[in-house]
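Observations on the model geometry
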Amino acid sequence: MSFINYLLHNKRDNVWAVCLLLVHVVLYILLNMPFIVYMQDEAQMLAAYSPFYGAPFTLNLFNFDPSMYYATDASVIHPLKNLIGYPLSQAAHALGGNLFFLVLQSVINALSVVFIYYYLRRSGAATSLAAVFAVFFGVSSYSLFTALIPDSYPYVQLLLIFGTLYLHYSLTARKEGGALRMLPTAALAFINFGMTSTNIVPFLTAVLIGTWERVGKTVRLIVKLGVSSLLMVAAATGLQQLIFHKSWVGSWMQSLSDGGFSYVAPFSFAHHWQAFYMLLVNPVLTPTTVMNDKGLVAVVTDLAAPYPWFVHLIGGLLVLMAVLGFVRGWRSREVWMLAGYIGFALALHIVVGFGLGAFQYDMYLYAGHYLFAIFLLAARFAGQLPSLTLRRAAVVVMLICVVVTLANNYVMHGEMLEGIKQNYAEIAAVQGE
């Protein structure tokens, strides 16, 4: 069975997918348009304070960078992103700037929701369960803000979710006597590396888990996959050098120093315990924010503000369900494939400490590399409850979580913008004295 047939063979699922796509595109555009309008109306004032080198997106939110406007940049962290960023930045300049990216990334994030739905349905989840978890993911804080900010994270997240869905297809085909399709899998590895180099680790780990048989056979397969991917990387790097007269290879040490090592710090529970909220809870339910650095006009999580009780409850419930989904299914390849994304993220950001060096500027932005896996593991736990009554109850509970999450994120979205307006007014007043 081809991947397209695997994905689209159920017409009812396709109808659900179209509805999910349209609803979320509209949701993202409507919720984020006030930010776009504000940046248009106050363009001159905001540009005077923006730390983003003249990029039209002038709000510094959660430490995201409007890097899709930095069309020619290349680094070892995002080696080949400019091959996509350059044409998109040119299109944005011609077709509406920030509004262009809002529409494009609203579609991208809505597609991520659709792929979450398809993954759960192809994993055997009931339609209601798959839909409610897809919507829960879709109304998460991270989905709302990454539709707005022209950074690479929504593109990376879509690639990771699509890759997870494709690997699930490969695993299903393998159970039916098929083999891993080398070219598309190598292409996914190449694209994941090209957009964010560290993502090659959890992706190849998932491939390894999904294809493991005898040591010799598995090693040969991974070597073939690696060689195929490296050839693609080499070809794309040559194209990058030809177009931009520079490549990520020539600046890898400098980019590690600027964007890698400078972000690393050892983890201290006493100082960094809130990192767990930044990584696991805040990307679901938008936290209270504050402008903590008037020089960088950085709007980030207010570490001094208490969390409402329902944030603890919903965030804790989702994480607990994901943990239980892993524990109940620890014998399953699919579970380990998903857990690899979360495990690698925790190892990178907590054990190695990447991001802790700029802890006060938030760690929210990294969630695109693993948040989807938390939702999928939680959904897996709900879908494997032992009785129909319990599974229906889980759907009802998740639906309540969706409503509360959407309400919280709607309110906090508006409060953030009002806070930004007030902060800039205060800055202007002080400088005008």
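Our structure's up above, just so we're on the same page.
Only a predicted model underlies this, so the values are computations on that prediction, with no experimental measurement involved.

Time to look at helix α4 (residues 82-94). In a regular helix each residue adds 1.5 Å, so 13 residues correspond to 18 Å; α4 covers 18 Å between its end C-alpha atoms and thus fits that length. Every buried residue belonging to α4 is among N82, G85, L88, S89 and A92, and all of these are buried. All buried residues of α4 lie within an arc of 130° about the axis, which places them on one face of the element. Tucked inside the fold, the buried residues of α4 contact α5 (98-122), α8 (153-175) and α11 (215-244). Just downstream of α4, G96 is the residue with a positive phi angle, here 115°.

Further remarks concern the sheet that holds strand β1 (residues 60-61). To summarise the sheet geometry, strands pair through backbone hydrogen bonds and adopt either a parallel or an antiparallel arrangement. Taken together, three strands build an open sheet; the order of strands is β1-β3-β2 and the sheet is mixed. Both outer strands of the open sheet, β1 and β2 (289-293), are each paired with one neighbouring strand and no more. Bridge count between β2 and strand β3 (residues 298-301): four bridges; the pairing is antiparallel. When the bridges of β3 are listed, V290 appears paired with V300.

Membership of the largest hydrophobic core comes to 144 residues, with the highest contact counts inside it found for L59, L61 and F133. For this core, the leading source of residues is α5, giving 13 residues. With residues up to four places along the chain from it excluded, the contact list for L59 reads F35, Y38, M39, L46, F52, I420 and Y424.

Conventions we followed
- The residue numbering used here restarts from 1 in each chain and proceeds along that chain's sequence as written.
- At least 70 in pLDDT is required for a residue's local features to be given in this predicted model, at least 80 for side-chain atom pairs to be given and counted, and no such filter applies to totals for whole chains, interfaces and linings, which use all residues.
- With hydrogens and water excluded, all non-hydrogen atoms of the structure serve as input to the side-chain values.
- The helix and strand labels rest on DSSP assignments: H or I over at least four residues marks a helix, E over at least two residues marks a strand, and numbering proceeds from the N terminus.
- Residue count minus one, scaled by 1.5 Å, sets the expected span of a helix.
- In this scheme, a residue with accessible area under 20% of its type's maximum is buried, one over 50% is exposed, and one in between is partly exposed, where area comes from a 1.4 Å probe on protein chains only.
- Throughout, the arc means the angular range of directions from the helix axis out to the C-beta atoms.
- Any two residues whose heavy atoms approach within 4.5 Å at even a single point are treated as in contact.
- Strands pair, by our definition, only if DSSP identifies at least two bridges between them.
- Residues grouped as a nonpolar core are buried Ala, Val, Leu, Ile, Met, Phe, Trp, Tyr and Cys residues, joined through side-chain atoms within 4.5 Å.

So far we have only geometry, and geometry alone does not tell us how the molecule works.
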